[in-house]
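Residue-level listing of the chains:
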Amino acid sequence: MGRQYVFIKLCNKERCVKNVKALIDTGSDLTIISSNTAKQLGYTPNSKMREWMASDKEPQLSPIFEEISLELGKPYTAKEKIEYVVVDDKPLDISEGEDMVIGLDFIQKVGMNIRVKRE
């Protein structure tokens, strides 16, 4: 079936980043952005951390970026603010140009319907 990507716009209170390549991952509980994308949004490391667990069941501790707005384009058109996103490069496939993983925290909040085409 392959990976499902969407290009989105991310914003915080001060700036926006367009055309962020995001993997739609229904197996991820959290939304995760790359450190590079976080820097483009003006993120500076702070002491606020989030413990989370990747699919390999190893606990991770990563910084968070608070209050970020995600805006998806067609075919998923949705816009919503989420309380925080995790900033971590480890779960991203850099060779595929992934900047972000959209997790269930966003998918459920917007009631996103995911349509998969059969090949």
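To be clear, the structure that these remarks concern was listed above.
As the structure is a computational prediction, the values presented were derived from the model and not from experiment. (Residues numbered from 1 in each chain as written. Predicted model: local features only at pLDDT ≥ 70, side-chain atom pairs only at ≥ 80, totals over all residues. Heavy atoms only, no water.)

Chemist: Any chance you could explain the side chain of Ser 62 here in plain terms?
Modeler: On the secondary structure map, Ser 62 appears in strand β5 (residues 59–72). A relative accessible area of 0% means that Ser 62 is categorised as buried. Engagement of the side chain of Ser 62 in a polar contact is seen with the side chain of Trp 52, the distance being 2.9 Å. At 2.5 Å, the side chain of Ser 62 and the side chain of Asp 88 are in polar contact. Beyond its immediate chain neighbours, meaning those up to four positions away, Ser 62 contacts Lys 48, Met 49, Arg 50, Trp 52, Val 86, Val 87 and Asp 88. (Helix = DSSP H or I, 4+ residues; strand = E, 2+ residues; numbered from the N terminus. Buried < 20%, exposed > 50% of the residue type's maximum accessible area, 1.4 Å probe, protein only. Polar contact = N/O pair within 3.5 Å; in protein donor to acceptor, adjacent residues only side chain to side chain. Contact = heavy atoms within 4.5 Å.)

Chemist: I tried to follow the side chain of Asn 12 on my own but got confused; where do I start?
Modeler: Relative to the helices and strands, Asn 12 resides in the loop between β1 (5–11) and β2 (16–24). The exposure class assigned to Asn 12 is buried, which follows from its relative accessible area of 16%. Among the polar contacts listed, one links the side chain of Asn 12 to the backbone nitrogen of Glu 14, at a separation of 3.0 Å. Asn 12 has contacts with Leu 41, Phe 65 and Glu 67, leaving out every residue within four places of it along the chain.

Chemist: Whenever I open this one, the environment of Gly 42 confuses me. Can you help?
Modeler: Structurally, the position occupied by Gly 42 is in the loop between α1 (35–40) and β4 (49–53). Sequence-wise, Gly 42 and Cys 16 are 26 residues apart; in three dimensions their C-alpha atoms are separated by 9.5 Å.

Chemist: Just to check I follow, could you spell out the layout of surface pockets for this structure?
Modeler: Gaps left between atoms are located by rolling a probe of water-molecule size over the structure's atoms. Quantified by volume, the largest pocket comes out at close to 490 Å³. Along its surface, the largest pocket is lined by 19 residues, and Ser 28, Trp 52, Met 53, Ala 54 and Ser 55 are the ones closest to its centre. At three residues, β4 tops the list of elements feeding residues into the lining of the largest pocket. Residues of the lining of the largest pocket, tallied by class, amount to eight nonpolar, four polar and seven charged. Quantified by volume, the second largest pocket comes out at close to 200 Å³. Residue composition of the lining of the second largest pocket, by class: four nonpolar, four polar and four charged. (1 Å grid on protein atoms, 1.4 Å probe; cavity = no way out; pocket = protein on both sides within 12 Å on 5 of 7 lines; lining within 4 Å. Points joined across faces, edges and corners; volume = space filled by probe spheres on them. Nonpolar A, V, L, I, M, F, W, Y, C, P; charged D, E, K, R; others polar.)

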